[in-house]
Amino acid sequence: MGFFNQRTIADAARQALLFLGGSGSLEEIYERICLHSLYNFGAKEPKTVLRITLDRHCANKSLSVMNSKKIFIKRSNGAYSLIQEEDNKIVSAEYVIKDDEVNLSIIEMKKMAKQQRDKVKQEIAACLRNLPPEKFENFCRIFLKRYGFSKMALTSRGRDGGIDIYGLLKVGIANMRVAVQCKRYALDNKVGRPAISGFRGDITGEYEQGIFITTSSFTKEAEDISFKPGCVPVILIDGEQLAEFMLERQIGVIQESIAVYSFEEDLLWNESDYLYLTQPL
């Protein structure tokens, strides 16, 4: 087997750009690959395959499927260039492709996406803190069912102890009995060590695991005793984690996407169309 058969398309493109002095168009890169037998394309439309590969390895091109190994930069004139190793993680601003109408870099768009995510998390947390206690407990029941727990039921309002919800969690072929306490607290009202100790005392001997859910947060002392050798473990879920879990499982939220377009001239026609267009009439 020849060496060019073991070389990847990205490796071949890198070598072609070295022959070209470090920069060249898609057409020039393809011609050099063929001229020096750097890669044996088996695809029907090799230039399209080459373009997709180049873009996936570009540090400033694709928003969706990108290869972690960044080799190239695509300039505003459409040419591809090699990037230096020291610039492999941070791309100089002069190479960020901008559009006169959109004028947003990939970095700026990611920053906006994070800001929007944080905003939604704040909205979720604020909504949960404003729920009546009974409704918050019912929300926690629904949340846990969506997260994989089964047979989750609310306890009677008059029942003594700190158990608000109980049910099962499947672990392997067995079911683990779990108990949950829900506290709809203000942001500055942290759950302390006594609350965790009291909850553990209520569930010991009847349940294998406890879950303590709050819309606020936990003190360090509470976190330190959530897991103790020989005691029932208590999972702590604060308001921020609760909002994050809801985003991950899309509980009460809708994930929206924005279409991003990129004009690629070689997609206007396939090879047979191109040959037809270049034939004299």
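Refer to the structure above for everything that follows.
The model shown is predicted, which means the values in this text are computed figures rather than measured ones.

So, how was this worked out
Residues numbered from 1 in each chain as written. Predicted model: local features only at pLDDT ≥ 70, side-chain atom pairs only at ≥ 80, totals over all residues. Heavy atoms only, no water. Pairing = 2+ DSSP bridges. Helix = DSSP H or I, 4+ residues; strand = E, 2+ residues; numbered from the N terminus. Axes fitted to C-alpha atoms, helices over the stretch in contact; angles between N-to-C directions. Salt bridge = Lys/Arg side-chain N within 4 Å of Asp/Glu carboxyl O. Buried < 20%, exposed > 50% of the residue type's maximum accessible area, 1.4 Å probe, protein only. Arc of directions from axis to C-beta. Contact = heavy atoms within 4.5 Å.

Caption draft 1: Examining the sheet that holds strand β7 (residues 209-214) more closely. Overall, mixed pairing links the 5 strands, which are arranged β4-β5-β6-β7-β8 in an open sheet. The sheet is open, and its two edges are formed by β4 (150-154) and β8 (234-237), each paired on a single side. Each adjacent strand pair in this sheet contributes to an overall mean axis angle of 25°, direction not counted. Two strands pair when backbone bridges link them, and strand β5 (residues 165-171) and strand β6 (residues 174-183) are joined in this way by 7 bridges, in the antiparallel orientation.

Caption draft 2: Molecular detail of the pattern of salt bridges. Applying the stated criterion across every chain, the model contains 9 salt bridges. A cluster of three or more residues bridged by salt bridges with shared partners is formed by R117, K121, E240 and E244.

Caption draft 3: Up close: the sheet that holds strand β2 (residues 72-74). Within the open sheet, the 3 strands sit side by side as β1-β3-β2. Their pairing is antiparallel. Lying at the two open borders of the sheet, with one neighbouring strand each, are β1 (23-24) and β2. Note that β2 and strand β3 (residues 80-82) share 3 bridges and pair antiparallel. Paired with I73 across the bridge in β3 is S81.

Caption draft 4: Helix α2 (residues 9-19), seen in detail. Regarding α2, the residues found buried are I9, A10, A12, A13, A16 and L17. All buried residues of α2 project into a common sector of 160° when viewed along the axis, lining one side. Lining the buried residues of α2 we find β1, α3 (26-35), α4 (46-56), β2 and β3. Of the residues trailing α2, G21 is marked for its positive phi of about 90°.

Caption draft 5: Examining α3 more closely. Among the residues of α3, those classed as buried are L26, I29, Y30 and I33. Taken end-on, α3 shows its buried residues confined to a sector of 100°, consistent with a single buried face. Along its buried surface, α3 packs onto α2, β1, α4 and β3. Within two residues after α3, S37 carries a phi angle of roughly 50°, on the positive side.

Caption draft 6: Geometry of unusual backbone geometry. Of note in this structure, S37 is not a glycine but carries a positive phi near 50°. Structurally, S37 can be placed in the loop between α3 and α4. Since its relative accessible area comes to 42%, S37 is described here as partly exposed. Its identity is not glycine, yet Q250 carries a phi of approximately 50°, on the positive side. In this structure, Q250 sits in the loop between α9 (239-248) and α10 (271-278).

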